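Given next are the chains, with one letter for each unit.
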There are 2 protein chains.
Amino acid sequence: MTEHAGVASDGPGRGRAGRRAGTSTTRAAIAAAAQDQFAAHGYDRASLRGIAREAGVDPALITYFFGSKQRLFAEVVELPADPRTVLAQVTDGDPAGVGRRMATVLAGILDDDDARVRFVAIIRSAAQSEEVAAALRERLTRDILEPVAARVREGVRPQHAGPPDEDAAKHEARLRAGLVMSQVAGMIFARHVIGLEALTEASSEELVRALAPTFQRYLAEEL
Amino acid sequence: MTEHAGVASDGPGRGRAGRRAGTSTTRAAIAAAAQDQFAAHGYDRASLRGIAREAGVDPALITYFFGSKQRLFAEVVELPADPRTVLAQVTDGDPAGVGRRMATVLAGILDDDDARVRFVAIIRSAAQSEEVAAALRERLTRDILEPVAARVREGVRPQHAGPPDEDAAKHEARLRAGLVMSQVAGMIFARHVIGLEALTEASSEELVRALAPTFQRYLAEEL
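These numbers come from a predicted model, not from an experiment.

**Focus on the environment of Val76(A)**
All names here are of chain A.
- Relative to the elements of secondary structure, Val76 occurs in helix 4 (residues 69-76).
- For Val76, a relative accessible area of 6% corresponds to the buried category.
- Along the sequence, Val76 and Phe38 sit 38 residues apart, while their C-alpha atoms lie 9.4 Å from each other.
- Among residues more than four places away in sequence, those in contact with Val76 are Ala31, Ala34, Gln35, Phe38, Phe66 and Arg139.

**Points about the interface of chain A and chain B**
- Each partner contributes to the interface: chain A provides 44 residues, whereas chain B provides 44 residues.
- Both faces combined, the contact of chain A with chain B buries some 3800 Å², and carbon together with sulfur accounts for 61% of it.
- For the interface between chain A and chain B, the tally reads 4 salt bridges.
- Across the pair Glu197(B) and Arg174(A) runs a salt bridge whose closest N-O atoms are separated by 3.8 Å.
- In this assembly, chain A and chain B are joined by 18 residue pairs in polar contact (both at pLDDT 80 or more).
- Sorting the residues of the side of chain A that touches chain B by element identifies helix 7 (113-128), helix 8 (130-156), helix 9 (166-193), helix 10 (197-200) and helix 11 (204-220) of chain A as the ones contributing at least two each.
- At 14 residues, helix 9 of chain A tops the list of elements feeding residues into the side of chain A that touches chain B.
- The residue inventory of the side of chain A that touches chain B, partitioned by class, reads 26 nonpolar, 9 polar and 9 charged.

**Regarding the nonpolar core**
- In terms of nonpolar packing, the biggest core is built from 152 residues, with Ile30(A) and Ile30(B) touching the most fellow members.
- In contact with Ile30(B), not counting residues within four places along its chain, are Ile51(B), Ala55(B), Val57(B), Leu61(B), Ile62(B), Phe65(B), Phe66(B) and Leu72(B).

**Some details on the packing of helix 1 (residues 22-45) of chain B against helix 4 (residues 69-76) of chain B**
Residues and elements named next belong to chain B.
- Remark: helix 1 packs on helix 4, axes separated minimally by 10 Å, with the N-to-C direction vectors making an angle of 100°. Taken together, the axes of helix 1 and helix 4 lie roughly perpendicular to each other. Note on element contacts: helix 4 touches helix 1 through Lys69, Gln70, Leu72, Phe73, Glu75 and Val76, opposite Arg27, Ile30, Ala31, Ala34, Gln35, Phe38, Tyr43 and Asp44.
- Each residue belonging to the contact of helix 1 with helix 4 can be placed in one class, and the counts come to 8 nonpolar, 2 polar and 4 charged.

**Some points on the confidence of the model for chain A**
Residues and elements named next belong to chain A.
- Model confidence for chain A is summarised by a mean pLDDT of 84, while 87% of its residues fall at 70 or above.
- Low pLDDT, under 50, characterises residues 1-20; the stretch is placed with 38 contacts to residues that sit more than four places away or in other chains.
- Across the whole predicted complex the pTM is 0.80, and at the interface the ipTM reaches 0.79.

**Quick notes on helix 11 (residues 204-220) of chain B**
Residues and elements named next belong to chain B.
- Taking 1.5 Å per residue, 17 residues should reach 24 Å; helix 11 reaches 23 Å between its end C-alpha atoms and fits that length.
- The sharpest bend along helix 11 comes to roughly 35°, located at Leu211, with the proline Pro213 sitting one to four residues further on.
- Burial runs high along helix 11: 14 of the 17 residues are buried.

**With respect to helix 5 (residues 83-91) of chain B**
Residue and element names in this part refer to chain B.
- All of the buried residues in helix 5 are Pro83, Val86, Leu87, Val90 and Thr91. Buried residues of helix 5 fall within an arc of 110° about the axis and therefore sit on the same side.
- Buried residues belonging to helix 5 abut helix 6 (98-111) and helix 8 (130-156).
- Where helix 5 terminates, the next one or two residues include Gly93, which has phi positive at roughly 100°.

**Overview of the environment of Glu201(B)**
- Structurally, the position occupied by Glu201(B) is in the loop between helix 10 (197-200) and helix 11.
- Residue classification places Glu201(B) among the partly exposed residues on the basis of a relative accessible area of 34%.
- The spatial distance from the C-alpha of Glu201(B) to the C-alpha of Arg191(B) is 9.3 Å, given a sequence separation of 10 residues.
- Residues in contact with Glu201(B), not counting those within four places in the same chain, are His171(A), Arg174(A) and Glu206(B).

**Looking at the pattern of salt bridges**
- Under the counting rule described, the total for this entry stands at 28 salt bridges over all chains.
- For Asp113(B), the salt bridge is made with Arg116(B), and the minimal N-O distance between the two is 3.1 Å. On the criterion of helical spacing, the pair formed by Asp113(B) and Arg116(B) is a turn pair, its members being 3 residues apart in helix 7 (residues 113-128).
- For Asp113(B), a relative accessible area of 52% corresponds to the exposed category.
- Linked by salt bridges that have partners in common, Arg27(A), Arg71(A), Glu75(A) and Glu138(A) make up one network.

What counts and what doesn't
Starting from 1, residues in each chain are numbered consecutively following that chain's sequence as written. A letter from A marks each chain and a number from 1 marks each ligand, given out in the order of writing. Side-chain atom pairs in this predicted model are given and counted only at pLDDT of 80 or more, local residue features only at pLDDT of at least 70, and totals for whole chains, interfaces and linings cover all residues. Water and hydrogen atoms play no part in the side-chain values, which are based on all heavy atoms of the structure. Strands are runs of DSSP state E lasting at least two residues, helices are runs of H or I lasting at least four, and both sets are numbered from the N terminus onward. Buried means the residue's accessible area, taken with a 1.4 Å probe over protein chains only, is under 20% of the maximum for its type, while exposed means over 50%, and partly exposed covers the values in between. For this analysis, residues touch if any pair of their heavy atoms sits within 4.5 Å. Computed with a 1.4 Å rolling probe, the buried area is the accessible surface lost when two parts are put together, summed over both parts. Take a side-chain nitrogen of Lys or Arg and a carboxyl oxygen of Asp or Glu: if they are within 4 Å of each other, that pair is a salt bridge. In protein, a polar contact means a hydrogen-donor-capable atom and an acceptor-capable atom, both N or O and within 3.5 Å, with residues adjacent in sequence counting only if both atoms are side-chain atoms; elsewhere, any N or O pair within 3.5 Å suffices. Each residue is assigned to one class: nonpolar for Ala, Val, Leu, Ile, Met, Phe, Trp, Tyr, Cys and Pro, charged for Asp, Glu, Lys and Arg, and polar for all the others, Gly among them. As used here, the term nonpolar core means buried Ala, Val, Leu, Ile, Met, Phe, Trp, Tyr and Cys residues forming a set that is joined through side-chain atoms within 4.5 Å. All axes are obtained by fitting lines to C-alpha atoms, using only the stretch in contact for helices, and the reported angles, taken between N-to-C directions, cover 0 to 180 degrees. When an angle is under 35 degrees it counts as roughly parallel; over 145 it counts as roughly antiparallel; between 65 and 115 it counts as roughly perpendicular; any other value is oblique. Scored from 0 to 100, pLDDT records how confident the predictor is in each individual residue. Working rule for helices: expected span equals 1.5 Å times residues minus one. Fitting one axis to the seven residues ending at a residue and another to the seven starting there, the bend at that residue is the angle between the two axes. Along the arc lie the directions from the helix axis toward the C-beta atoms.

Okay, here's the thing in structure tokens:
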């Protein structure tokens, strides 16, 4: 990748960094510019040209590093909140309150314009392309699903009710995390992509009350 | 509409009923051809030209009757099952079993290749365009959400726990129907659009067991 060393820059408008930086800063500059452009213009209207301009690189380098706009999106799009922080917020503390904490986090995301818009963009882009869906599947599994499943096994779920063997316990923990993701994605989809009035007219408190027992059961009760 | 008098009338604005075949058969022929073509090729690859050819009409008539390919799709796409039949299957019978019946219907859809593919197409198309989302919002609300909400008020839900006044009861019934749709859409999205392994590896029976109590609470228990 030495042929690109000279173009490396540290990000939008920040000019070129020292030459030795090379590849990793070029890639980082593209990723940062892409995050800016996707956030500002949405997936459809953000262009590789615009991203390249902001990153101070040739558009061909984007293809070189990321393959396609879809792949770029799936790799760089920031989740509306750091999964580790959210995970800690939700799973630390009394297991009896894990469902309510999860519902509260989701209601907070739906109430926050920026976070909601980003989640909707993720859902839209996954629906538009198998390639994006595959990239997101990997990221969501690695960054959210597996950590949630691990936390479930470590004790969110009352020990006494666990399945008998190791494989069954893993399978069940993953299913629990998947069920939570299905309800989260479905609420964002039905309320903010389809825009069902029956859901948009509900207050945050109503949503938390309605969803908390669902998440509680998915995460910590007998399935 | 006079320029299309021979063929027109059931189209935008519905005007004149009762003219001989003309309009309504043209519109119906386009709708039938569109259903075929969307089913055979999917939303993206189905073309207005192909639909017009199958219907034996000029492509301009599609625009005349339906406005756009997106609108056409949203209006003609068949739900994988007749909402009235499904609704009766789910809401008739013992209220204590409504959640399990709903989960069983959903698992049946996910197990049926044709039905699943059609649902995935609906979800994809809604995510791709605000216009399709708006058209689907209307259809889903009219054909599914409101009938479910009405059934909830008629007695799926135990009478004694209903909210005090009429408006609150309506609002709650709509919220219940909306919650069910959010979990249905989210399961299809997470399992079949994103393709989360944690969910694809789960059997139908596991899904029914996991989802039944969720639907039971959304439809018939204290929220």
